[in-house]
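# Remarks on the overall topology
Single-letter residue listing:
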Amino acid sequence: MKQIQVAVVMGSASDAETLEGCREVLAELKIPFEARVLSAHRTPGPLEEWLDGLPGRGTRILIAAAGMAAHLAGVCAAKVALPVIGVPLPSGDLKGMDALLSTAQMPGGVPVATMGIGSAGAKNAALFAARILALSDPDLASRLAARRERDTARVLEAKLPPAWGTP
Ligand code: RP5
């Protein structure tokens, strides 16, 4: 069976677009991952089955992303003893504030590391997972350091429109 280091679960296929930055970072850093659509509310049985199989496949970190009354990350943290990173998504009338509170306000004893709402949170979830994995993987640590250097250079080399004058 394929070994995966990071498992990504989202509550709906409609979440995939917001999670694109997460996928890109995991792929760029060559972190083996798999992604599934499973919902704490709509598919609780299949979610539990999938979670049961993760530790046996080498999974070390779980990223769980959902919108609205987002219980997905919390349910994952309740069921498996892996670090769970939660990403609240901006679907529905409350634009992610509902998901942020549902994901972050966990009862003591069941930790979820909650990122910001939406695409920035999704990207950061993958980078946070990479930082944890890099603690015990020097090759990944080098790839991560190279990515940080590229990100730094991009900011420093960015040009403002001429109306702002030259520094
Ligand atoms: C949540 O409900 C999902 O994570 C999604 O963000 C939101 C809406 O889902 P769909 O109605 O688009 O399937 O459970």
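Residues numbered from 1 in each chain as written. Predicted model: local features only at pLDDT ≥ 70, side-chain atom pairs only at ≥ 80, totals over all residues. Heavy atoms only, no water.

## Some thoughts on helix α6 (residues 138-157)
The criterion, for reference: For the purposes of this entry, the term helix denotes a DSSP run of H or I that reaches at least four residues, the term strand denotes a run of E that reaches at least two, and both are numbered from the N terminus. In this scheme, a helix's expected span is set at 1.5 Å multiplied by one less than its residue total. Relative accessibility thresholds used throughout: buried, under 20% of the residue-type maximum; exposed, over 50%; partly exposed, between the two (1.4 Å probe, protein chains only). To obtain the arc, one takes the directions from the helix axis to the C-beta atoms. Residue contacts are defined here by distance: any two heavy atoms, one from each residue, within 4.5 Å place the two residues in contact. Polar contact is the term for a pair of N or O atoms within 3.5 Å; when the atoms are in protein, one must be able to donate a hydrogen and the other to accept it, and sequence-neighboring residues count only if both atoms are side-chain atoms.
Taking 1.5 Å of rise per residue, the 20 residues of α6 would be expected to cover 28 Å, and the 28 Å separating its terminal C-alpha atoms lies within 8% of that figure. Considered for burial, the residues of α6 that qualify are Leu140, Leu144 and Arg147. On an axial view of α6, the arc spanned by its buried residues comes to 60°, and they lie on one face. Residues of α6 that are exposed and point over 90 degrees away from its buried face: Pro138, Asp139, Glu149, Leu156 and Glu157. Tucked into the core, α6 has its buried residues touching α1 (20-28) and α5 (119-134). Of the residues flanking the start of α6, the one acting as N-cap is Asp137, its side-chain oxygen 3.2 Å from the backbone nitrogen of Asp139.

## Points about the site of the ligand
Heads up, the condition is: When we say a residue is near a molecule or strand, we mean one of its heavy atoms is within 4 Å of it. Accessible areas in this description were obtained via Shrake-Rupley with a 1.4 Å probe; residue shielding takes into account the shown protein chains only. The nonpolar class holds Ala, Val, Leu, Ile, Met, Phe, Trp, Tyr, Cys and Pro. Asp, Glu, Lys and Arg form the charged class, and all remaining residues, Gly among them, are polar.
For the ligand, the full set of nearby residues is Gly11, Ser12, Ser14, Asp15, Arg42, Ala66, Gly67, Met68 and Ser91. Residue Arg42 places a side-chain N or O atom 2.8 Å away from an oxygen atom belonging to the ligand. Within the complex, the protein chains bury 74% of what would otherwise be the 360 Å² of accessible surface of the ligand. Per-class residue counts for the shell around the ligand are 2 nonpolar, 5 polar and 2 charged.

## A short note on the pairing of strand β2 (residues 33-37)
So the rule is basically this: Two strands are said to pair when DSSP picks up at least two bridges between them. When the strands point away from the viewer, a crossover counts as right-handed if the path from the first strand over the helix to the second runs clockwise.
Bridging between strand β1 (residues 6-10) and β2 involves 5 bridges; their strand directions are parallel. Within β2, the position partnered with Ala7 by the bridge is Glu34. Assessed by its sense of winding, the connection that carries the chain from β1 through α1 to β2 is right-handed.

## Remarks on the sheet that holds strand β5 (residues 113-114)
The 5 strands lie next to each other as β2-β1-β3-β4-β5, forming an open sheet whose pairing is parallel. The outermost strands of the open sheet, each flanked by one partner alone, are β2 and β5. Here β1 pairs with strand β3 (residues 61-67) via 5 bridges, running parallel. Bridge pairing in β3 links Val8 to Ile63.

## Focus on the environment of Ala99
Residue position: Ala99 is located in helix α4 (residues 97-104). Looking at Ala99, the relative accessible area reads 0%, which means it is buried. With 83 residues separating them in the primary sequence, Ala99 and Ala16 have C-alpha atoms 16 Å apart. Ignoring anything within four residues of it in the chain, the contact list for Ala99 reads Ala66, Gly67, Met68, Ala70, Pro88 and Leu89.

## Observations concerning the side chain of Ser12
Here Ser12 lies in the loop between β1 and α1. When its relative accessible area of 18% is taken as the criterion, Ser12 is described as buried. Polar side-chain contacts of Ser12 include one of 2.9 Å to the side chain of Ser14. When near neighbours in sequence (up to four residues on either side) are disregarded, Ser12 contacts Val37 and Arg42.

## Looking at a nonpolar patch on the surface
Note the following rule: Patches draw on residues past 30% relative accessible area with no salt bridge. Two like charges within 9 Å are joined, as are two nonpolar side chains (Val, Leu, Ile, Met, Phe, Trp, Tyr) within 5 Å. Whenever Lys or Arg places a side-chain nitrogen within 4 Å of a carboxyl oxygen from Asp or Glu, that contact is recorded as a salt bridge.
Judged by side-chain polarity, Leu94, Met97 and Ile117 come together as a nonpolar surface patch covering roughly 270 Å² of accessible area. On the secondary structure map, Leu94 appears in the loop between β4 (84-89) and α4.

## Points about the packing of α5 against α6
Stated precisely, the cut-off is as follows: Note on geometry: axes are C-alpha line fits, over the in-contact stretch for helices, and angles between N-to-C directions span 0 to 180 degrees. An angle below 35 degrees is treated as roughly parallel, one above 145 as roughly antiparallel, one from 65 to 115 as roughly perpendicular, and anything else as oblique. Crossings are assigned a handedness: left-handed for a near helix turned anticlockwise from the far helix by less than a right angle, right-handed for a clockwise turn.
Their axes nearest at 8 Å, the elements α5 and α6 cross at an angle of 140°. The orientation of α5 with respect to α6, classified from their angle, is oblique. The handedness of the crossing between α5 and α6 comes out as left-handed. Along the contact surface, α5 presents Lys123, Leu127, Ala130, Arg131, Leu133 and Ala134, while α6 presents Pro138, Leu140, Ala141, Leu144, Arg147 and Arg148. Residues that form the contact of α5 with α6 fall into these classes: 8 nonpolar, no polar and 4 charged.

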